[in-house]
Amino acid sequence: MKRTLAIILALMLAMSLVACGGSSGGEVKEPSNVTTGNNTEDTQQVEQTEKNEEPEKTEVTISETVLVDEAGVKITAKRLATDGIFGPEIKLLIENNSGKDLTFQCRNASVNGYMVETMMSVDVVNGKKANDGLTFMESALEACGIDAIADMEFAFHIFDMAEWETYLDTNAIQIKTSIADTFEYTYDDSGDLAYEGNGVKIVVKGLAEDASIFGPSIVVYIENTGNKDVTVQTRDVSINGFMVDALFSCDVVAGKRAVDTITFMDSDLEENDIAAIENVELSFHVFDMAEWETIVDTEVVNITF
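Notes on the structure follow. Keep in mind it's a predicted model, so treat the numbers as computed, not measured.

Some details on the pairing of strand β5 (residues 89–96)
Item 1. By the criterion of burial, β5 is predominantly enclosed, with seven of the eight residues buried.
Item 2. Direction of pairing for strand β4 (residues 73–81) relative to β5: antiparallel, over a ladder of eight bridges. Across the sheet, I75 pairs through a bridge with I94, a residue of β5.
Item 3. Sheet topology places β5 next to strand β10 (residues 129–136); seven bridges connect them, and they run antiparallel. Within β10, the position partnered with E95 by the bridge is K129.

A closer look at the packing of aromatic side chains
Item 1. Tallying each qualifying case throughout the model produces seven aromatic pairs.
Item 2. Judged by centre distance (5.3 Å) and plane angle (65 degrees), the rings of Y114 and Y187 are edge-to-face. Here the residue Y114 occupies a position in strand β7 (residues 114–115), and Y187 occupies one in the loop between β13 (173–176) and β14 (192–197), the gap between them amounting to 73 residues. As far as burial versus exposure is concerned, Y114 and Y187 are alike and both buried.
Item 3. With centroids separated by 6.4 Å and ring planes inclined at 55 degrees, the aromatic side chains of F136 and F154 adopt a geometry described as tilted. Taken together, the positions of F136 in strand β10 and F154 in strand β11 (residues 151–160) put the pair 18 residues apart, joining distant regions of the chain.
Item 4. For F136, a relative accessible area of 0% translates into the label buried.
Item 5. Its relative accessible area of 1% is what places F154 among the buried residues.
Item 6. An aromatic cluster is built from F136, F154 and F156, whose rings are joined through pairwise contacts.
Item 7. The side chain of R257 reaches across the aromatic face of Y187, ending 3.8 Å from its centre.

Here's the deal with the pairing of strand β16 (residues 217–224)
Item 1. Of all eight residues that make up β16, eight are buried, and the element is covered over most of its length.
Item 2. Judged by which residues are buried, β16 turns out to be covered on both faces: S217, V219, Y221 and E223 on one side and I218, V220, I222 and N224 on the other are all buried.
Item 3. The pairing of strand β15 (residues 200–208) with β16 spans seven bridges and is antiparallel. Counted as the bridge partner of V204 is V220 from β16.
Item 4. Bridge count between β16 and strand β21 (residues 257–264): seven bridges; the pairing is antiparallel. Bridge pairing links Y221 to V259 in β21.

Structural notes on the sheet that holds β5
Across a sheet, strands are paired by hydrogen bonds formed along the backbone, either parallel or antiparallel in direction.
Item 1. Strand order across the open sheet formed by five strands is β3-β4-β5-β10-β8, with antiparallel pairing between neighbours. Two strands lie at the open edges of the sheet, namely β3 (65–70) and β8 (118–119), each paired on one side alone.
Item 2. Bridging between β8 and β10 involves two bridges; their strand directions are antiparallel. Residue pairing for β10: T118 is matched across the bridge by F136.

Details of the nonpolar core
Item 1. Ranked by size, the top nonpolar core spans 48 residues in total, and within it I90, L92, F104, M152, F154 and F156 carry the most contacts.
Item 2. Among the elements that take part in this core, strand β6 (residues 102–111) stands out by supplying five residues, more than any other.
Item 3. Residues within four places of F104 in sequence aside, it is in contact with V73, I75, I94, M120, S121, V122, V124, H157 and I158.
Item 4. Among the nonpolar cores identified, the runner-up in size contains 34 residues, and M115, V220, L269 and V280 belong to it.

Examining the side chain of Q233
Item 1. Mapped onto the secondary structure, Q233 falls in strand β17 (residues 230–239).
Item 2. Of the polar contacts made by the side chain of Q233, one reaches the side chain of R235; its length is 3.3 Å.
Item 3. Look past the residues within four positions of Q233 in its chain and what remains in contact with it is F248, S249, S283, F284, H285 and F287.

Quick word on the pattern of salt bridges
Oppositely charged side chains may form a pair once their charged atoms are brought near each other.
Item 1. Tallied over the entire structure, the rule returns six salt bridges.
Item 2. Residue K256 is joined to E153 by a salt bridge in which the shortest nitrogen-to-oxygen separation is 3.4 Å. Placement of the pair is K256 in the loop between β20 (249–252) and β21 and E153 in strand β11, with a sequence separation of 103 residues.
Item 3. Given the relative accessible area of 10%, K256 is considered buried.
Item 4. With a closest N to O distance of 3.6 Å, D188 and K205 form a salt bridge. Taken together, the positions of D188 in the loop between β13 and β14 and K205 in strand β15 put the pair 17 residues apart, joining distant regions of the chain.
Item 5. Here K205 falls in the buried class, since its relative accessible area comes to 15%.

Some thoughts on the side chain of D151
Item 1. The residue D151 is located in strand β11 in this model.
Item 2. Buried within the structure, D151 lacks any salt-bridge partner; its nearest side chain of opposite charge belongs to K256, at an N-O separation of 5.2 Å.
Item 3. Side-chain polar atoms of D151 contact the side chain of Y185, separated by 2.6 Å.
Item 4. Residues in contact with D151, not counting those within four places in the same chain, are S110, V111, N112, G113, Q174, I175, K176 and Y185.

Reading guide: rules and limits
Residues numbered from 1 in each chain as written. Predicted model: local features only at pLDDT ≥ 70, side-chain atom pairs only at ≥ 80, totals over all residues. Heavy atoms only, no water. Buried < 20%, exposed > 50% of the residue type's maximum accessible area, 1.4 Å probe, protein only. Helix = DSSP H or I, 4+ residues; strand = E, 2+ residues; numbered from the N terminus. Pairing = 2+ DSSP bridges. Phe/Tyr/Trp six-rings, centres within 6.5 Å; stacked < 30°, edge-to-face > 60°. Lys NZ or Arg CZ within 6 Å of the ring centre and 35° of its normal. Core = buried A, V, L, I, M, F, W, Y, C linked by side-chain atoms within 4.5 Å. Contact = heavy atoms within 4.5 Å. Polar contact = N/O pair within 3.5 Å; in protein donor to acceptor, adjacent residues only side chain to side chain. Salt bridge = Lys/Arg side-chain N within 4 Å of Asp/Glu carboxyl O. Lys, Arg positive; Asp, Glu negative; His and termini not counted.

All quantities given are derived from atomic positions and should not be read as evidence of function.
Here you go:
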């Protein structure tokens, strides 16, 4: 099945980092202190143990289920394959009788309540079928501490192959696996609180020990308990007093969490003769995913290593 440019780019990125859903799978060097605004007191740390009830590895399965059947499009989940090269994959049967040649992609995917990166782009011309799959990136699952899948949630984005116009955006679809009824959902929000308000919580977990191909990264945990889907970005970033660019943009839908990284460019560090990251200052810009309206621009967050 022919893949689009988006999939090619996703394959390249998968070897180095994961977008929202986490790009740090290794150890994390914790910051010595994080302060916001004029507050110099250490923020309270909340520690929870990440665990699940699987004393032994058991086979995780799903039932064959029709996920979408509207507007001439039918998508059926056939099974869950856990031996994929890039991560576990939902095997799909896609049928297109819409009258248009269509591309099928995925949006806003989560596993066990954590936003994760996925890989899927399938072209199906009118009147044809395709056996393909939706892959959940193993690197993203590892960054979130996920070693067993209890549930998956996502939406399909379907558009015209020729015109690129949206044909159908589905509602959120949830699939529960064979271990869902006995799975214990716990989330690791340990670290230093950088911001909490407007239904959004941001925790700095530390400096990732393993740098990406671009440069070193800070690991952050984001929780969205509000009723709006949000995007979190950074503004006015400096390292050791020098202004630098940062790679960070994380989508977190309502009721979900994310583990992601703020990545700095090696070239910026070299240009400013920064041999070691001692202090980082930045603010977070949080906005509505749908309307692009600003929800909050936080006070300056000071992170000391």
